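# Results of the structural survey
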Amino acid sequence: MTTKPHQPLISLCMIVKNEADNLARCLRSARGAADEIIIVDTGSTDATRSIARSFGARIIDYPWNGDFAAARNAGLALARGTWILVLDADEELEPGSRDELLVCAKHTEYEAFFVRIHNHQGTERASQTLTVNPILRMFKNRPNYRFSGIIHEQIAAVIVQETPDAAMHMGTVIVHHYGYAAGVVERKDKISRNLGLLKQQLEESPGDAFQHFNLAVEYMRLGDYGQALEHIGTSLNLAEPGTSYIHLLYKYKARCLAVTGDYPGALEACGQGSSLFPDYPDLHHLKGALLLQVSALAEAKAALCRALRIGASPPLYHTESGIGTYLTHTLLGQVCQQIGEDHEAAACFTRAAQLQPDPWLLIPRLTRLFKCTGREPELHGWLAGQLPGILTEQRQELLRLLVRDGCYTAAADMLEGGVRAGVVAGEMDATAQSAGEIDGVMQDAGTVDAAAQSADEIDGVMQDVRAVDATAQSADEIDGVLQDAGAVDATAQSAGEIDAGVGAGAVDDAALEVPPSADLLKLLQRAEAASAAELSYDDITGLLNHPAVNPADGNTSLPLSAIAAAVQPLILLADKVLATLVTSAIYSPAAAAARLTLPLPRSTD
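Rules of the game
- In this convention, every chain numbers its residues from 1, walking through the sequence in written order.
- Per-residue local features of the predicted model are confined to residues with pLDDT of at least 70, and side-chain atom pairs are confined, for both listing and counting, to 80 or more; whole-chain, interface and lining totals are unaffected and use all residues.
- Only hydrogens and water are set aside when side-chain values are computed; all heavy atoms of the structure are taken into account.
- The salt bridge definition used is simple: a Lys or Arg side-chain nitrogen within 4 Å of an Asp or Glu carboxyl oxygen.
- Numbering of helices and strands runs from the N terminus; a helix is a DSSP stretch of H or I covering at least four residues, while a strand is a stretch of E covering at least two.
- Note on exposure labels: buried denotes an accessible area under 20% of the residue type's maximum, exposed denotes more than 50%, and partly exposed covers the range between, all computed with a 1.4 Å probe on protein chains only.
- Under the rule applied, a polar contact is a pair of N or O atoms within 3.5 Å (in protein, one hydrogen donor and one hydrogen acceptor; residues adjacent in sequence only if both atoms are side-chain atoms).
- What makes two residues a contact is simply this: any of their non-hydrogen atoms within 4.5 Å.
- What makes a nonpolar core is a set of buried Ala, Val, Leu, Ile, Met, Phe, Trp, Tyr and Cys residues whose side-chain atoms join them at distances within 4.5 Å.
- The rule is short: rings of Phe, Tyr and Trp, with Trp giving its six-membered ring, pair when the centres are within 6.5 Å, and they are stacked under 30 degrees, edge-to-face over 60, tilted in between.
- Angles run from 0 to 180 degrees between N-to-C directions of axes, and those axes are lines fitted to C-alpha atoms, restricted for helices to the stretch in contact.
- Each angle receives one of four descriptions, namely roughly parallel if under 35 degrees, roughly antiparallel if over 145, roughly perpendicular if within 65 to 115, and oblique otherwise.
- Each crossing gets its handedness from the near helix: less than a right angle anticlockwise from the far helix is left-handed, clockwise is right-handed.
- In this count, Pro and Cys sit with the nonpolar residues alongside Ala, Val, Leu, Ile, Met, Phe, Trp and Tyr, while Asp, Glu, Lys and Arg are called charged and the others, Gly among them, polar.
- Scored from 0 to 100, pLDDT records how confident the predictor is in each individual residue.

## What to know about the pattern of salt bridges
Under the counting rule described, the total for this entry stands at 20 salt bridges. Where Arg-80 meets Glu-36, a salt bridge forms, and the shortest distance between an N and an O atom there is 3.2 Å. You can see Arg-80 sitting in the loop between α3 (68–76) and β4 (83–86) and its partner Glu-36 sitting in strand β2 (residues 36–41), a full 44 residues away along the chain. Judged by relative accessible area, Arg-80 falls into the partly exposed class, the value being 47%. Residue class for Glu-36 comes out buried when judged on its relative accessible area of 12%. For Lys-301, the salt bridge identified is with Glu-344, shortest N-O distance 3.2 Å. Residue Lys-301 is located in helix α13 (residues 297–310), and its partner Glu-344 is located in helix α15 (residues 342–355); the two are separated by 43 residues in the primary sequence. Since its relative accessible area comes to 32%, Glu-344 is described here as partly exposed. Residues participating in the shared-partner salt-bridge network are Lys-251, Arg-255, Asp-282 and Glu-320.

Okay, here's the thing in structure tokens:
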């Protein structure tokens, strides 16, 4: 009696070409979920095939004919599993999603499952997720279920056509995609390839709303927003009600109109879209950003609050990471700051930092707000209570930020706290820190909004929004902002010279024994107590060059700029002058606004 061969539960089907750099990671991630692997190779000349064989894959040679659907279907024809799972080589399953796929496979009442595609900024799972997109990737293996479309091939419509009552489930399986990371698109010339195939597809099917949508996306990536708007309009006219990507058409229409300067049209598109998709936070967030651009601050606040009430996007929508959460809190903080609701702004920036994958991005903005609103004495306690990780894990970076942004009171509080904790001679001695601990100091919170934007989805359209509080800065000013003040001369400062207000000079051997942090504390206390007229350019330079702020050996990855070394002391002196004007009833509003527009520290400084 012969034993009947075991039927695979899940067949992983892929098409590849020259994916030796990615394939092993993808296949490794699917171990335990896929019972068989079928790979359609369209002409690899690297080690792709040998890697596939090492995972036990069945390889099909398929000469490339410019038709993605045909290549996919060649693999489906040989699959034996109950379910088909589709992945690309530049993707990988979230480790916890393997078991979830197996659970999904037990639910035979469904015909297909959507997964959540996380598009990353980098080429590792730990890199920032920029966009999240629901895509149908697992479906029952039936002979009549085959992909259609020579590019951006689809199967959902085919399944609905073949099985009108098909039930599909929006799962929480996560697939990480790295194909649109910086440099990958350019290397593979994806845009040029996609445009050619899409135009060919539209010649054959001019009424295909989905391909008009895809063509609009490619034109947005090229920066041709006029062409993109034409195809968005055509797609909106052709798409059937309930089509899965209509919400994106309205969002992209608003962005294209905004980048061309048509803010009324962009706001109208947001309104049209949000009336159809009231639970889509991206449209409310975008509306808030647009209203901020035209200084309709009360309306902007209302729109952003609506986005926050919704929170993270429901799974059926394409979204950007942080919209409805930390990006929206950040933008709302900017609006509140401009309205003059400083306490609410601080709360928004703090909440954004708590939710942000890298909270440091918000710290420069938060510290500037506390300083410019007279709350700098509260800053150290606020961070200790709300963001304690910054004080424990990034203590040295925070000290450098505070000194380089003129937050002398908060920096002195840090140092005095270090004295009480008995850590000054250790943690606060910058000369004992490795270059690795100094790297990455002072990220620019002004880039937080842009961090959620992917080149793939043309989310750079609203990059101007992230610069709301720096619109007064010229390119030259920003380029020179807060650079290291120059190479550090470890023997340049003595306690006596600092007390005399001299920024640099020779010292004797005894002076070198003064703990750098204690030396810095004296200088900070003097700088904070002094009036603008009493401080000199050399005083500020002495602060910026102090060994407890910059390594005495100059061993740091932060670039040194002669321009920045000259400009930064002037910026801090200007801030000191503006601070004195804030006390005047006549000049207070203008001086306060000017202080907030001074350049924030950046990671490239």
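Next comes the rest of the write-up.
## Remarks on the environment of Leu-573
One can find Leu-573 in helix α27 (residues 562–581). When the C-alpha atoms of Leu-573 and Tyr-537 are compared, they prove to be 7.5 Å apart, with 36 residues separating the residues in sequence.

## Structural notes on the side chain of Asn-194
As for its position among the elements, Asn-194 is in helix α7 (residues 190–204). By relative accessible area, Asn-194 is classed as buried at 1%. Within polar-contact distance, the side chain of Asn-194 engages the side chain of Glu-218 at 3.0 Å. Apart from residues lying up to four places away in sequence, Asn-194 is in contact with Ile-151, His-152, Glu-218 and Arg-221.

## Digging into unusual backbone geometry
For His-152, which is not glycine, the phi dihedral falls at a positive 50°. Positive phi is not limited to glycine here, since Ser-295 has a value of about 65°. With respect to the element layout, Ser-295 can be found in the loop between α12 (281–293) and α13. Residue classification places Ser-295 among the exposed positions, given a relative accessible area of 53%.

## A look at the nonpolar core
If you look at the biggest cluster of nonpolar residues, it comprises 59 residues, and the most contacted ones within it are Leu-398, Leu-520 and Leu-524. Residues Ile-38, Leu-198, Leu-248 and Tyr-250 belong to the second largest nonpolar core, which totals 54 residues.

## Focus: the packing of aromatic side chains
The tally for this structure, following the rule as stated, stands at 11 aromatic pairs. Ring centres of Phe-213 and Tyr-252 lie 6.3 Å apart, and the angle between their planes is 5°; this geometry places the pair in the stacked category. With a gap of 39 residues between them, Phe-213 in helix α8 (residues 209–222) and Tyr-252 in helix α10 (residues 246–259) connect regions that are remote in the sequence. The residues Phe-213 and Tyr-252 share a single accessibility class, namely buried.

## A look at the packing of α12 against α13
What describes two packed helices is the angle between their axes and the distance between those same axes. One can describe the packing of α12 onto α13 by two numbers: an axis separation of 8 Å at closest approach and a directional angle of 160°. On the basis of their axis angle, the class for α12 and α13 is roughly antiparallel. Two packed elements cross with a definite hand, and for α12 against α13 that hand is left-handed. Across the interface between the two elements, Pro-281, His-284, His-285, Lys-287, Gly-288, Leu-291 and Leu-292 of α12 pack against Leu-297, Glu-299, Ala-300, Ala-303, Leu-304, Arg-306, Ala-307 and Ile-310 of α13. Within the contact of α12 with α13, the residues separate by chemical class into 9 nonpolar, 3 polar and 3 charged.

## Focus: the side chain of Ser-29
Relative to the helices and strands, Ser-29 is located in helix α1 (residues 23–30). Polar contacts involving the side chain of Ser-29 include one to the main-chain carbonyl oxygen of Cys-26, which spans 2.6 Å.

## As for the confidence of the model for the protein chain
The predicted model of the protein chain averages 82 in pLDDT, with 78% of residues at 70 or higher. Contacts for the low-pLDDT stretch residues 419–514, under 50 throughout, to residues beyond four places or in other chains number 231 contacts. Segment residues 555–560: pLDDT under 50, and 19 contacts once partners within four positions in sequence are set aside and those in other chains are kept.

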